[in-house]
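# Examination of the molecular architecture
Chain by chain, the residues run as shown.
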Amino acid sequence: MSSLTYNQQSFLLDGKEIRLLSGAMHYFRTVPEYWEDRLIKLKECGFNTVETYVAWNLHEPEEGQFVFEGIADIERFIRTAEKVGFHVIVRPGPYICAEWEFGGFPYWLMTVPNIKLRCFNKPYLEKVDAYFDVLFERLRPLLYSNGGPIIALQIENEYGSFGNDQKYLQYMHDSVKKRVGNELLFTSDGPAPSMLHGGMIKDVLETVNFGSRAESAFEQLKRHQPSAPLMCMEFWHGWFDHWGEEHHTRSSESVVETLEEILQKNASVNFYMAHGGTNFGFFNGANHNEAIYQPTITSYDYDGLLTESGDVTDKFLAVRKVFEKYIDLPEMKLPAPTLKKQYGEIQFTERAALLDSLKQLSNPKQSQTPLTMEEYGQAYGFIVYETVIKGAYGKQTLTVQDVHDRGQIYLNGEFVGLVERIGGCSHIDVDITEGETKLQIIVENMGRINYGPFLVDYKGITEGVRLGNQFLFDWTVHPLPLNDLSQLKFTCEEAKENHPYFHRGLLKVNEVADTFIDLSEWTKGVVFVNGHNLGRYWEIGPQQTLYVPAPFLHLGVNEIVVLELHGHQESARFVDKPDLG
């Protein structure tokens, strides 16, 4: 088979003209049991191609330890897409943005001496090459020239929004090319001249990303690249949400109008996101403008063509109608919607206080100063810092210098206040009256920044802790990645307000289905279903429910554990519809 090529007007596959009608779906945001269902639905919408990013932090969570099973089984995902009848576009990074934790980079990169990300930096490129050696060994048999479905691969990702290091881009191009041979390689950037100048590579196809004003975006692209077909690699027909914002939606009418503009130009298109899915666990990313840190919510519904739980939307049907004007489509045969169930209310009858459970959850570490999570070898979750203040200091200002991202402060076991990166509150007033005072600070990592100039985002306490101007030293630290809760000891004790507790309840299931846990009465925390981390909830919204895919449940009794940080409840409801605000 010959690879995907192009002339001035069109893409060519095996020498025949092809318009790429592609939809983005990330294997790492949908449980594997549902990949085929979602892909079949996208095929029925009229797409001929599916696109996915590759999340490095999922595949190499610790340096040299590789994971390609379960939700990380990218080969199975690509084979499933091939079975459904799709061509596949792969965007391997190493940086992907994607509103995903640290833009897909593994946390441990930040611990590599002298590393600088996304530029021609030897320590960085050595780590990328070691990862690419393993990744492309798996992707190679899936390339189109080897009889597989992968027809194109992206170099880096929207690099013009970050930098202009042409030596780095050329290295990344050569690095991928030597591993994939003659497959089509491309870049993608926003339509601003600076982005196109910074992100393009000589003699490599450039594509452009936008949500509206297709004509002006394509004009700009043609100005920079007159002899290639037009493609919108990210058509933003929806958007993502940060905590504390309104839920974003975009009307079908507006989407269809821009889609018509794209297709009338004989352009190809990739819908971002055709199916969004979920930021399970601690994998949500965050944005940061010059002033505000903005963590992304757990749902990645994106107001896509398929909902977070895989249901067809009005937008899906409207897009299919537009496609029908340009290509012949067979009669639509959609799979049955996945079953949703309202399991009702469950009671939480047992609890375990987080601060009383440190021995069950963590191996403590000692350090003179409070170090970052990364320096203790911790990727995600929470971390508890402890020290003893000797002497009755009296009234003082306690400062947690540059907390990332949210700290709950306790003196001798009593809650005394919050320090938060959002809003920039770094200090509280305290009264130290005893000869010895135990200080504990529980810090939550709410997601590393995934886009922009502040990408390197250390977590935990990043500078130090002071009483007045005096730094505090000699710390015992408990990393809490919360990837195994099996050692927790639950009792019937009553929960204290503003003290984190794990609440345990049982859900009896006589028919396994998708469901949503409603946390609208709770304050802030994380939910685990049979050991699966569903992600975070927070009363500030917009999201009030968390999606529970049926494969996380089983017939009979299911264990539900809620880590609530502040305001404790005794029950929660399982409903059959999401509330995303």
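Structure shown above.
Numbering of residues begins from 1 in every chain and follows the order in which that chain's sequence is written. Local features in this predicted model are restricted to residues whose pLDDT is 70 or higher, and side-chain atom pairs enter the listing and the counts only when it is 80 or higher, whereas totals over whole chains, interfaces and linings include all residues. Values reported for side chains reflect all heavy atoms of the structure, with hydrogen atoms and water molecules removed beforehand.

Our next topic: the overall build of the chain. Each helix is a run of H or I in the DSSP string that is no shorter than four residues. Each strand is a run of E no shorter than two, and both are numbered from the N terminus. In terms of regular secondary structure, the chain is built from 10 helices and 31 strands. The globule rule used here is 2.2 Å times the number of residues to the 0.38 power, and the radius of gyration it is set against is calculated over C-alpha atoms. What you see for the chain is a C-alpha radius of gyration of 25 Å, in line with the 25 Å of a compact globule of 581 residues. Whether two residues are in contact is decided by their heavy atoms: any pair within 4.5 Å suffices. For the chain, restricting intrachain contacts to residue pairs at least 6 apart in sequence, the fraction spanning at least 24 positions comes to 79%. Counting every atom, the chain has about 22,200 Å² of accessible surface; 49% of that belongs to carbon and sulfur. Neither His nor the chain ends contribute to the count of charged residues, in which Lys and Arg are positive and Asp and Glu negative. To locate a charge, take atom NZ for lysine, CZ for arginine, CG for aspartate or CD for glutamate. Charge centroids of the chain, computed over 52 positive and 79 negative side chains, lie 4 Å from each other. Here the open area of atoms and residues is found with the Shrake-Rupley method and a 1.4 Å probe, where only the protein chains shown may cover a residue.

Turning our attention to the packing of aromatic side chains. Only Phe, Tyr and Trp rings take part, Trp by its six-membered ring, and two of them pair if their centres are within 6.5 Å. Stacked means planes under 30 degrees apart, edge-to-face means over 60, and tilted covers everything else. Throughout the structure, instances matching the rule amount to 38 aromatic pairs. Residues Tyr 6 and Phe 11 carry aromatic rings whose centres are separated by 6.4 Å and whose planes lie at 70° to one another, so their mutual orientation is edge-to-face. Any residue under 20% of the maximum accessible area for its type is buried, any over 50% is exposed, and the rest in between are partly exposed; the area is computed with a 1.4 Å probe on protein chains only. For Tyr 6, a relative accessible area of 28% gives the class partly exposed. Note on Phe 102 and Phe 105: the rings are 5.4 Å apart at their centroids and 70° apart in plane angle, and the pair reads as edge-to-face.

Nonpolar core, defined: a set of buried Ala, Val, Leu, Ile, Met, Phe, Trp, Tyr and Cys residues in which side-chain atoms within 4.5 Å join the residues together. Residues Phe 218, Phe 271, Leu 482 and Phe 502 are the most contacted members of the largest nonpolar core, which totals 118 residues. With 8 residues, helix H4 (residues 122-139) is the single largest residue contributor to this core. Setting aside anything within four residues of it in sequence, one finds Phe 502 in contact with Glu 350, Arg 351, Ala 352, Leu 354, Leu 361, Leu 482, Leu 485, Leu 488, Phe 490, Val 561, Val 562 and Leu 563. Counting 28 residues, the second largest nonpolar core, distinct from the first, contains Ala 513, Leu 519, Val 529 and Ile 560.

This part covers the environment of Gly 190. Along the chain, Gly 190 falls in the loop between strand E8 (184-189) and helix H6 (193-199). Taking the C-alpha atoms as reference, Gly 190 lies 9.8 Å from Met 233; in sequence the two are 43 residues apart.

Turning our eyes to something else, we now look at the pattern of salt bridges. Here a salt bridge means any side-chain nitrogen of Lys or Arg lying within 4 Å of a carboxyl oxygen belonging to Asp or Glu. Summed over all chains, the structure comprises 34 salt bridges. Taking the shortest distance from any N to any O, the salt bridge between Glu 234 and Arg 91 comes out at 2.8 Å. Here Glu 234 is found in strand E10 (residues 231-236), whereas its partner Arg 91 is found in strand E6 (residues 87-91), with 143 residues between them in sequence. As far as burial versus exposure is concerned, Glu 234 and Arg 91 are alike and both buried. For the salt bridge of Lys 325 with Glu 260, the shortest nitrogen-to-oxygen distance reads 2.5 Å. Remark: Glu 260 occurs in helix H8 (residues 252-264) and Lys 325 occurs in helix H9 (residues 314-326); sequence separation between them is 65 residues. Each of the salt bridges in this network shares a partner with another, and the network as a whole consists of Asp 405, Arg 421, Asp 457 and Lys 459.

A few words on the environment of Phe 490. Inspection of the secondary structure puts Phe 490 in the loop between strand E24 (475-480) and strand E25 (501-509). Sequence spacing of Phe 490 and Thr 349 is 141 residues, and the spatial spacing of their C-alpha atoms is 9.3 Å. Aside from chain neighbours lying at most four places away, what touches Phe 490 is Glu 350, Arg 351, Ala 352, Phe 502, His 503, Arg 504 and Val 561.

We now examine the environment of Asn 48. Note on placement: Asn 48 falls in the loop between helix H1 (35-45) and strand E5 (49-53). Remark: the alpha-carbon pair of Asn 48 and Ser 268, spanning 220 residues in sequence, is separated by 11 Å. In this structure, Asn 48 is in contact with Ile 18, Arg 19, Leu 20, Leu 21, Lys 43, Gly 85, Phe 86 and His 87, ignoring residues within four places of it in sequence. A polar side-chain atom of Asn 48 sits 2.9 Å from the main-chain carbonyl oxygen of Arg 19. In protein, a polar contact requires one atom able to donate a hydrogen and another able to accept it; more generally it is a pair of N or O atoms within 3.5 Å, and residues adjacent in sequence count only if both atoms are side-chain atoms.

Here the focus is the sheet that holds strand E27 (residues 524-529). In this analysis, strands are considered paired if DSSP registers two or more bridges between them. Sheet architecture is open: 8 strands sit in the order E28-E27-E30-E25-E14-E31-E26-E29, paired in antiparallel fashion. Edge strands, defined here as strands with exactly one partner in the open sheet, are strand E28 (532-538) and strand E29 (545-548). Taken over all neighbouring pairs, the strand axes of this sheet differ in orientation by 30° on average, direction set aside. Here strand E26 (residues 515-518) pairs with E29 via 4 bridges, running antiparallel. Within E29, the residue paired with Asp 518 across the bridge is Thr 545. To obtain each axis, a line is fitted to C-alpha atoms, and for helices this fit is confined to the stretch in contact; angles are then taken between N-to-C directions over 0 to 180 degrees.

Any functional reading would require information beyond the geometric quantities listed.
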